[in-house]
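Close look at the chain arrangement
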Amino acid sequence: MREATFLILTALADEVRHGYGIVQEVSALSEGRVALLPGTLYAALDRLAAQGLVERDREEVVEGRLRRYYRLAEHGRTALAAESARLRQLSTAADARLRTLRPRSV
């Protein structure tokens, strides 16, 4: 799973969000490392919806602009949990190997 996909799914894990809310949450989760542009976000959301990972919750007009809200689908929860477990396992393995390193003598 790509990092942006993981972050979008994570942003939707706790609440329904509109596009700009997802952009803000992804930025916060990544500590500013990932900045999604609107075109990139909506293309990703369309792809994730087609895969059954996210669902469109509702649409509303706010100050003359259409605001689409998305939520994590059940399949998305399962995929996010599996990816989180996979990353945790890899991180644990890396940490274990790093602990075995000893400083080299010069």
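Structure shown above.
My aim in this report is to walk through the structure given alongside it, one point at a time.

The rules behind the values
Residues numbered from 1 in each chain as written. Predicted model: local features only at pLDDT ≥ 70, side-chain atom pairs only at ≥ 80, totals over all residues. Heavy atoms only, no water. Pairing = 2+ DSSP bridges. Helix = DSSP H or I, 4+ residues; strand = E, 2+ residues; numbered from the N terminus. Contact = heavy atoms within 4.5 Å. Buried < 20%, exposed > 50% of the residue type's maximum accessible area, 1.4 Å probe, protein only. Core = buried A, V, L, I, M, F, W, Y, C linked by side-chain atoms within 4.5 Å.

A regular strand carries its side chains on alternate faces of the sheet. Alignment of strand β2 (residues 54–62) against strand β3 (residues 65–72), held across eight bridges, turns out to be antiparallel. What sits directly across from E60, in β3, is R67. Hairpin connection, β2 to β3: the antiparallel pair is bridged by two residues, and E63 has positive phi, about 50°.

Quick look at the environment of L72 now. If you trace the backbone, L72 turns up in strand β3. Remark: the alpha-carbon pair of L72 and A13, spanning 59 residues in sequence, is separated by 6.0 Å. Once residues lying within four places of it in the same chain are set aside, the contact partners of L72 are L9, L12, A13, L53, R77 and L80.

Take A79: it is sitting in helix α4 (residues 74–100). The spacing of A79 and L29 is 50 residues in sequence and 18 Å in space, taken between C-alpha atoms. Residue contacts for A79: discarding those within four places in its chain leaves M1 and L53.

Residues spaced three or four apart along an α-helix face the same direction, because each turn holds 3.6 residues. Every buried residue belonging to helix α2 (residues 19–29) is among G19, G21, I22, V23 and V26, and all of these are buried. Tucked inside the fold, the buried residues of α2 contact α1 (3–11), β1 (17–18), α3 (38–50) and β3. E31 sits one or two residues past α2 and shows a positive phi near 55°.

Turning our eyes to something else, we now look at the nonpolar core. Judged by nonpolar contacts, the single largest core of 21 residues is most densely connected at I8, I22 and V26. The set of elements that each furnish at least two residues to this core consists of α1, α2, α3, β3 and α4. Ranked by the residues each element gives to this core, the list is headed by α1, at five residues. In this structure, V26 is in contact with L7, I8, A11, V34 and L36, ignoring residues within four places of it in sequence.

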